[in-house]
Amino acid sequence: MSKVAVVIGSTSDLPVMQEAVDILNHFDIEVQVDIVSAHRTPEKLYQFSKHAHTKGFSVIIAGAGGAAHLPGMVASMSPLPVIGVPVKSSNSIDGWDSVLSILQMPGGVPVATVALNGAKNAGILAAQIIGSADQAVLDKILQYKEGLKQKVIDGAKKVNGGR
């Protein structure tokens, strides 16, 4: 069974990152959440990043605000796919500092980056990565996407008076 690590720099990131946890739970994917600060606990960051692939994780979602070094630092040391979630924090410049810190990675150190506070999409992307090799997860993603389509169809009927 695949599992996803969700790492955050501090507890203040958890309200945003909870959306990733919730959607992964929806897809019945095991999730482990931990605080791994790039700046305050670099030794823990190193140990986590170097060994995550040996602990059964398939994907890492890293959320960070401000300077947002966490996703890139994890990606620099882990062979696993890393999805970065820029978090608009109290010390952020409208979130752009977080977005650019995660988005502008050097060649050879990729981080898939979602929208500012886009943890739900990070969870969906992690599920899609896992679903590419796990039919049960893929089936749940297909069902989820069909549900999204149906919401639009139902909304259009409502707007058009039932037509």
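Attention in this report is confined to the structure presented alongside it. The model shown is predicted, which means the values in this text are computed figures rather than measured ones.

1. Some thoughts on the pairing of strand E3 (residues 57-65)
Point 1. When you tally the buried positions in E3, you get 7 out of 9 residues, the bulk of the element.
Point 2. Both strand E1 (residues 3-8) and E3 contribute to a ladder of 6 bridges, which runs parallel. Following the sheet pairing, Val6 is matched in E3 by Ile61.
Point 3. For E3 and strand E4 (residues 82-87), the ladder comprises 6 bridges, and the chain directions are parallel. Across the sheet, Ile61 pairs through a bridge with Ile83, a residue of E4.
Point 4. Following the backbone out of E3, through helix H3 (residues 70-77) and into the adjacent parallel E4, one traces a crossover that is right-handed.

2. Thoughts on unusual backbone geometry
Point 1. Even without being glycine, Ala68 reaches a positive phi, approximately 55°.
Point 2. With respect to the helices and strands, the residue Ala68 is situated in the loop between E3 and H3.
Point 3. The backbone phi angle of Asn117 is positive, close to 60°, even though this residue is not glycine.
Point 4. Tracing the sequence through the fold places Asn117 in the loop between strand E5 (112-113) and helix H5 (119-131).

Calculation notes
Residues numbered from 1 in each chain as written. Predicted model: local features only at pLDDT ≥ 70, side-chain atom pairs only at ≥ 80, totals over all residues. Heavy atoms only, no water. Buried < 20%, exposed > 50% of the residue type's maximum accessible area, 1.4 Å probe, protein only. Helix = DSSP H or I, 4+ residues; strand = E, 2+ residues; numbered from the N terminus. Pairing = 2+ DSSP bridges. Right-handed = clockwise from strand over helix to strand, strands pointing away.

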